[in-house]
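Examining the three-dimensional arrangement
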Amino acid sequence: MNQVTNVNQLSNVQPSEIPSTSGGTGNFVSQNQGKKSTPGISQVTNVNQLSDVQPTDWAFQALQSLVERYGCIAGYPNGTYRGNRAMTRYEFAAGLNACLNRINELIATATTDLVRREDLATLQKLQEEFTAELATLRGRVDVLEARSAELEANQFSTTTKLQGQAIISVNAGGFSGDRIIDPGATVDPGNPRRNPITSQPNPTILFRAGIDLNTSFRGTDLLKIRLDTGSGLNDQAPDAGKDNAAGLLEQNFGSVLDYSVKPPTNGDVEISRLYYSFLLAKDFRVSVGPSFFPTDFVDFNSYAYLSFRDFSTLAFVNNFVLFPVNGQSAGAAIDWKPGNGAFSVRALYAATDAANPIQQGPGVIQGLSPFTNILYPRQFAAAAPGGGPGGGPGGGPPNVNTGDRGFFGDTFQGTVELEYAPSRAFAVRLQYSGGELFSNRFDSYGVNVELTLAEKFGIFGRYGYGNFDNTAFGDIKPNYWMAGVGVRDLFTRGALAGIAVGQPFVVNQIGDSTQTNFEAFYNYPFSRNIQVTPTVQVINHAGNEESNGTIVTGTLRTVFSF
């Protein structure tokens, strides 16, 4: 017999084609591989330790000799192979493959002949008898290696998952009558923003796109970073949301499309979420960060909460008077579900301009709800670019207190929510929010209820009551309510339809009537990644002005997720 310098010479089965693991059976691995990647598996130096391998033929005796001489198989610590049963030919081939790899390593690294010629002959005979099984294992491993290589080449990170969403909407609408009057016109008629709208808006195409980087270091924590962009006209709240007819015609009392103003971007890429969430205890989660939205943590509802899935009207997505701080903020939130039972307690603190140490420059207005611009127009003007407490090129009025800045300054909001949810079919949430807007106190109370009947049909509603001090209309006590019905799996599995009616800001001091909003939608899932939703909005007595005609808008919303 000629000298063999490499096991490759033994047959047509090459080491590069032979799996280093069992290729799907997961029962035998090479010694080195087992030490690196198979916790809990110890080396087996005698085939007899594999008690369920029956020594009935010459192949077992041959493999036994090779294992004992070269130590090339690792097994489970208890010395068994998944109970008392015979070893299949594929399992045996996996063990043989491990010995082939081990002997090949010895030949490649040894300076002297450590492998006996008769052992090489035995290996050759074993390969010939188990050619079919080795070829099958080779095919399985080739597929697994190709898939593994593809995953490794395309994975973003071992700790971070990349998720994305794009919302593209076609919107059109108009109003009856001659004009739309802003509710703040009687407060500050000299402000050009208060000019009445006399021409019908043109159709628009609006968009929002975002990417989430969700990182977990321990499996129970989350570092969320979201990059956002969109079609908002301006990065200041008074102009945000005007890329759709409802936001242009009635931008103050919750008629704007929610995803159009969270956050306003005007085509710029911004960080809209940056916070870290972790478990302080088994049922107690804490979230802290310099950039989050209060509504990310409270006021959930199965039928009216996600503007890319269900209702788009801002005042239907969350309790309108409960969140004067309804935008990008810094702060902290907790979620406690004692014993994972029916009760949950949630609380948060949010400050809108936490990075600004003193009263200067814009920024505080970005995190506020649209109705605060009507209640405190002079403070908004003073905080606008070029304005300030002493006035300036931007027209900021003098001697207006825009509040202190920083994390514990003005403007801020604290919210507490108690939820009782004995089942998935029913939940009631009691809520309180309090804080300051430009050094003026506010307190708001809310309730949020949902009930699912027969797993398909749901009814839901919210109610809110607030108290806002020292507004341009004096001390006011606005009310808010909305109610609706939703139907799941309508016409197709995964679909959701709903209709709701509500009055976002019921208060006698502003206007001479009460604005009423209606919206109907049907969310149709073309796939797990594409949803198309037609929606219709009707707004009666917009801005609490009876002289305003009825506004009707329609939107075709398409959401792409990955």
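Quantities reported herein were computed from a predicted structural model and do not represent experimental measurements. The residue count restarts for each chain, going from 1 along the sequence in the order it is written. In keeping with the model being predicted, local features are shown solely for residues with a pLDDT of at least 70 and side-chain atom pairs are shown and tallied solely at 80 or more, while totals for entire chains, interfaces and linings include all residues. Values shown for side chains rest on all heavy atoms present in the structure; no hydrogens or waters enter the calculation.

1. Some details on the overall build of the protein
Here a helix means four or more residues in a row that DSSP labels H or I, a strand means two or more in a row labelled E, and each is numbered from the N terminus. Of the regular secondary structure elements, the protein holds 10 helices and 19 strands. Going through the 562 residues of the protein one by one, you find that 50% of them count as buried. Shrake-Rupley sampling with a 1.4 Å probe provides the accessible areas, and residues are treated as covered by the protein chains on show and by no other component. For the protein, the accessible surface area stands at approximately 25000 Å², while carbon and sulfur atoms represent 55% of it. To sort residues, take the accessible area from a 1.4 Å probe on protein chains only and compare it with the maximum for the residue type: under 20% means buried, over 50% means exposed, and anything in between is partly exposed.

2. Topic: the pattern of salt bridges
Here, a salt bridge means any side-chain nitrogen of Lys or Arg that lies within 4 Å of a carboxyl oxygen of Asp or Glu. As enumerated under the stated definition, the model contains 13 salt bridges in all. Glu417 is the partner of Arg346 in a salt bridge, and the nearest nitrogen-oxygen pair spans 2.9 Å. Of this pair, Arg346 sits in strand β9 (residues 343–351) while Glu417 sits in strand β10 (residues 412–423), and the two are 71 residues apart along the sequence. Taking the relative accessible area as the measure of exposure, Glu417 reaches 0% and is therefore buried. The salt bridge partner of Glu450 is Arg429, with a shortest N-O separation of 3.0 Å. Linking Glu450 in strand β12 (residues 440–453) with Arg429 in strand β11 (residues 426–437), this pair joins segments that are 21 residues apart in sequence.

3. Some remarks on the nonpolar core
Residues Phe320, Leu375, Phe468, Phe505 and Ile510 are the most contacted members of the largest nonpolar core, which totals 43 residues. If you list the elements that add at least two residues to this core, you get α8 (314–317), β9, α9 (371–375), β13 (457–471), β15 (479–488) and β16 (496–506). In contact with Ile510, other than residues within four places in its own chain, are Pro183, Phe253, Ile374, Leu375, Phe473, Phe505 and Asn544. For the purposes of this section, nonpolar cores are sets of buried Ala, Val, Leu, Ile, Met, Phe, Trp, Tyr and Cys residues that join through side-chain atoms within 4.5 Å. Within the second largest apolar cluster, 22 residues are counted, among which are Ile103, Val115, Leu120 and Leu126. The contact criterion used throughout is that any non-hydrogen atoms of two residues lie within 4.5 Å.

4. Quick word on a nonpolar patch on the surface
Patch members must show over 30% relative accessible area and no salt bridge, and they are joined within 9 Å when carrying like charges or within 5 Å when they are nonpolar side chains of Val, Leu, Ile, Met, Phe, Trp or Tyr. Taken together, Leu162, Ile211, Leu227, Val269, Ile271 and Phe562 make up a surface patch of nonpolar side chains, about 550 Å² in accessible area. Looking at the element boundaries, Phe562 is found in the segment after β19 (551–561).

5. Comments concerning unusual backbone geometry
Located in the positive-phi region is Ser439, a residue other than glycine, with phi close to 70°. On the accessibility criterion, Ser439 (34% relative accessible area) is partly exposed.

6. Examining the side chain of Thr553
Within the element layout of this structure, Thr553 appears in strand β19. The exposure class assigned to Thr553 is buried, which follows from its relative accessible area of 2%.

7. Digging into the layout of surface pockets
Residues are called lining when one of their atoms sits within 4 Å of a cavity or pocket point, these points coming from a 1 Å grid over the protein atoms alone, where a cavity is a set in which a 1.4 Å probe fits but cannot get out and a pocket is an open set with protein on both sides within 12 Å along at least five of seven lines. Grid points are joined across faces, edges and corners, and a volume is the space filled by probe spheres set on the points. Computed from the structure, the largest pocket encloses a volume of approximately 970 Å³. Counting residues per element, the ones that place at least two in the lining of the largest pocket are β3 (160–175), β4 (204–215), β5 (222–230), α7 (258–261), β6 (270–281), β7 (284–292), β8 (329–336) and β19. Among the elements that make up the lining of the largest pocket, the one with the highest residue count is β4 (five residues).

8. As for helix α4 (residues 117–129)
Between the first and last C-alpha of α4 there are 19 Å, a value that for 13 residues agrees with the 18 Å anticipated at 1.5 Å per step. By the burial criterion, the buried members of α4 are Asp119, Leu120, Leu123, Leu126 and Gln127. For α4, the buried positions fall inside an angular range of 120° around the axis, keeping them on one side. Any helix carries an expected span of 1.5 Å times its number of residues minus one. Comment: arc refers to directions from the helix axis out to C-beta atoms.

9. Some remarks on the environment of Ser329
Mapped onto the fold, Ser329 is located in strand β8. In the structure, Ser329 is positioned 38 residues away from Gly367 in sequence and 6.1 Å away in space, judged by C-alpha atoms. Polar contacts involving the side chain of Ser329 include one to the main-chain carbonyl oxygen of Gly327, which spans 2.9 Å. Within 3.5 Å is the distance limit for a polar contact, defined as a pair of N or O atoms, with the added protein rule that one can donate a hydrogen and the other accept it, and that residues adjacent in sequence qualify only through two side-chain atoms.

10. Topic: the pairing of β15
At least two bridges found by DSSP between two strands are what make those strands a pair. Strand direction decides the pairing type here: β13 and β15, joined by nine bridges, are antiparallel. Pairing of Gly458 across the sheet is with Gly486, part of β15. In the sheet, β15 pairs with β16 via nine bridges, with the strands oriented antiparallel. Residue pairing in the sheet places Val485 in a bridge with Ile499 of β16.

11. Some remarks on the pairing of β10
Where a strand is regular, its side chains alternate between the two sheet faces. The pairing of β9 with β10 spans nine bridges and is classified as antiparallel. When the sheet's bridge partners are listed, Ala350 is paired in β10 with Gln413. Direction of pairing for β10 relative to β11: antiparallel, over a ladder of 10 bridges. Bridging from a neighbouring strand, Phe412 pairs with Glu436 of β11.

12. Concerning the packing of aromatic side chains
Each pair of aromatic rings taken from Phe, Tyr and Trp, with Trp reduced to its six-membered ring, is defined by centres within 6.5 Å and is described as stacked if the planes are under 30 degrees apart, edge-to-face if over 60, and tilted in the remaining cases. Within this structure, the stated rule accounts for 22 aromatic pairs. An angle of 10° between the planes, with centres 5.6 Å apart, marks the rings of Tyr303 and Phe460 as stacked. You can see Tyr303 sitting in the loop between β7 and α8 and its partner Phe460 sitting in strand β13, a full 157 residues away along the chain. On the numbers, 4.9 Å between centres and 80° between planes, the contact of Tyr524 with Phe526 is edge-to-face. Using a relative accessible area of 58% as the deciding quantity, one classes Phe526 as exposed. Among the aromatic side chains, those forming a connected cluster through ring pairs are Phe253, Phe320, Phe371, Phe442, Phe468 and Phe505.

13. Some remarks on the confidence of the model for the protein
Considering every residue of the protein, the mean pLDDT works out to 79; 76% of them sit at 70 or more. Low pLDDT, under 50, characterises residues 1–53; the stretch is placed with 136 contacts to residues that sit more than four places away or in other chains. Predicted confidence for residues 388–399 stays below pLDDT 50, and this span has 24 contacts to residues more than four positions away or in other chains. As a per-residue measure, pLDDT tells how confident the predictor is, with possible values from 0 to 100.

14. A short note on the environment of Met482
Residue position: Met482 is located in strand β15. Separated by 167 residues in the primary sequence, Met482 and Ala315 have C-alpha atoms spaced 8.2 Å apart. If we ignore the near neighbours within four places in the chain, the residues touching Met482 are Ala304, Ala315, Phe316, Phe460, Gly461, Arg462, Ala500, Val501 and Gly502.

15. A closer look at the environment of Leu496
Turning to its location among the elements, Leu496 is positioned in strand β16. Sequence separation of Leu496 and Arg309 is 187 residues, and the distance between their C-alpha atoms is 8.2 Å. If sequence neighbours within four positions are ignored, Leu496 has contacts with Tyr303, Arg309, Asp310, Val487, Arg488, Phe521, Tyr522 and Asn523.

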